[in-house]
Amino acid sequence: MVYNSPVLFDKSETIVEKFTVRWDRRKLLIISAEPKEADIIEQFINDINGLKEYEHIEMKDELQLKNISEVLDRQKMGTQLYISAKWDDAVTIFMAAIEAGFSEDEIQTLISGEKRRFVYCIKCYHLQEVEADETDTICYHCQISLEIGPFFSRERKGYIGYPYNPAFVTST
């Protein structure tokens, strides 16, 4: 069996609407890269303050985001990670956490703003971004019509796009 590392995608199980305390975890690590969510983070910290060991890191600039691997590498086993960020920053932090040994079960992600969705063309092997509610699209690379399947490929980091001929599609 082949192991595929976890990937953050628009319907990932790690994405939550609100952080929840994991009482079975030894320590909580909160990484926030989005100032707009500061009140949500502050409320969460107030809920756990004195009850759990925690560390809160605010990512204020690009340099801190690049050095996040060092912070994640020094965490003890059993640490629960909470990420609050815009999509691109969240993906960066998420991937660094996976490299540091965190599992999906140990991560909760709160996305500020829009999530991003990608489709992988199985004809020309290119990945492209699409709107969240699209069910079909045109591949930007090979210009073929693609039906966006329900399955997300962790290896290809996108939903599978199946080629089809729109001329043969009948409306009901």
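As a starting point, this report considers the structure included with it. (Residues numbered from 1 in each chain as written. Predicted model: local features only at pLDDT ≥ 70, side-chain atom pairs only at ≥ 80, totals over all residues. Heavy atoms only, no water.)

Turning next to the sheet that holds strand β4 (residues 107-112). Adjacent strands of a sheet pair through backbone hydrogen bonds, lying either parallel or antiparallel. With parallel pairing, 4 strands are arranged side by side in an open sheet as β2-β1-β3-β4. The two strands at the open ends of the sheet, each matched to only one other strand, are β2 (53-58) and β4. Averaged over all adjacent pairs, the angle separating strand axes in this sheet is 10 degrees, with direction ignored. Strand direction decides the pairing type here: strand β3 (residues 79-86) and β4, joined by 6 bridges, are parallel. Looking across to β4, one finds that Ala85 is bridged to Ile111. Helix-sheet contacts for helix α1 (residues 38-48) involve β1 (27-32), β2, β3 and β4, and the interaxial angle to β1 is about 165 degrees. Packing of helix α4 (residues 87-99) onto the sheet brings it into contact with β1, β3 and β4, and relative to β3 it is tilted by some 155 degrees. (Pairing = 2+ DSSP bridges. Helix = DSSP H or I, 4+ residues; strand = E, 2+ residues; numbered from the N terminus. Axes fitted to C-alpha atoms, helices over the stretch in contact; angles between N-to-C directions. Contact = heavy atoms within 4.5 Å.)

A few words on the packing of aromatic side chains. Under the definition given, this model contains 7 aromatic pairs. For the pair Phe44 and Tyr82, a centre-to-centre distance of 4.8 Å together with 55 degrees between the ring planes defines the contact as tilted. Here Tyr82 lies in strand β3 and Phe44 lies in helix α1, a separation of 38 residues in the sequence. Since its relative accessible area comes to 5%, Phe44 is described here as buried. Under the relative-accessibility criterion, Tyr82 is labelled buried at 0%. (Phe/Tyr/Trp six-rings, centres within 6.5 Å; stacked < 30°, edge-to-face > 60°. Buried < 20%, exposed > 50% of the residue type's maximum accessible area, 1.4 Å probe, protein only.)

Right, let's get into the sheet that holds strand β5 (residues 117-121). The strand order across the open sheet formed by 5 strands is β6-β5-β9-β8-β7, and the pairing between neighbours is mixed. Of all the strands in the sheet, the pair left with one neighbour each is β6 (127-130) and β7 (136-138). The average angle at which neighbouring strand axes cross in this sheet is 45 degrees, direction not considered. Across 3 bridges, the pairing between β7 and strand β8 (residues 145-153) is antiparallel. Bridge pairing in β8 links Ile138 to Ser145.

Attention now moves to α4. Given 3.6 residues per helical turn, the α-helix brings residues three or four places apart onto the same face. Across its 13 residues, α4 extends 18 Å between first and last C-alpha, which sits within 8% of the 18 Å expected from 1.5 Å per residue. Looking at the residues trailing α4, positive phi occurs at Gly101, about 110 degrees. (Expected span 1.5 Å × (residues − 1).)

Within this structure, the stated rule accounts for 10 salt bridges. Note that Arg154 is salt-bridged to Glu104, the shortest N-O span being 3.4 Å. Linking Arg154 in the loop between β8 and β9 (158-163) with Glu104 in the loop between α4 and β4, this pair joins segments that are 50 residues apart in sequence. Overlapping salt bridges, with partners in common, bring together Arg22, Asp24, Arg25 and Asp105 in one network. (Salt bridge = Lys/Arg side-chain N within 4 Å of Asp/Glu carboxyl O.)

By secondary structure assignment, the location of Ala100 is in the loop between α4 and β4. With a relative accessible area of 27%, Ala100 lands in the partly exposed category. With residues near it in sequence (within four places) discarded, Ala100 still touches Leu72 and Asp73.

A separate point is the side chain of Arg117. Relative to the helices and strands, Arg117 resides in strand β5. A distance of 3.0 Å separates a polar atom in the side chain of Arg117 from the backbone oxygen of Ala132. Setting aside its immediate chain neighbours within four residues, Arg117 contacts Asp10, Gln128, Glu129, Val130, Glu131, Ala132, Glu134, Ile148 and Tyr159. (Polar contact = N/O pair within 3.5 Å; in protein donor to acceptor, adjacent residues only side chain to side chain.)

Across soluble globular proteins, nonpolar side chains have a tendency to be buried as a group. Ranked by internal contacts, the top residues of the largest apolar core, which has 24 residues, are Ile31, Leu72, Leu81, Ile83 and Ile107. The element best represented in this core is α4, accounting for 7 residues. Every residue in contact with Ile31, bar those within four places of it in the chain, is listed here: Ile57, Met59, Ile68, Leu72, Leu81, Tyr82, Ile83, Ser84 and Ile93. Core analysis: the second largest hydrophobic core is formed by 11 residues, Cys121, Cys139, Leu146 and Ile148 among them. (Core = buried A, V, L, I, M, F, W, Y, C linked by side-chain atoms within 4.5 Å.)

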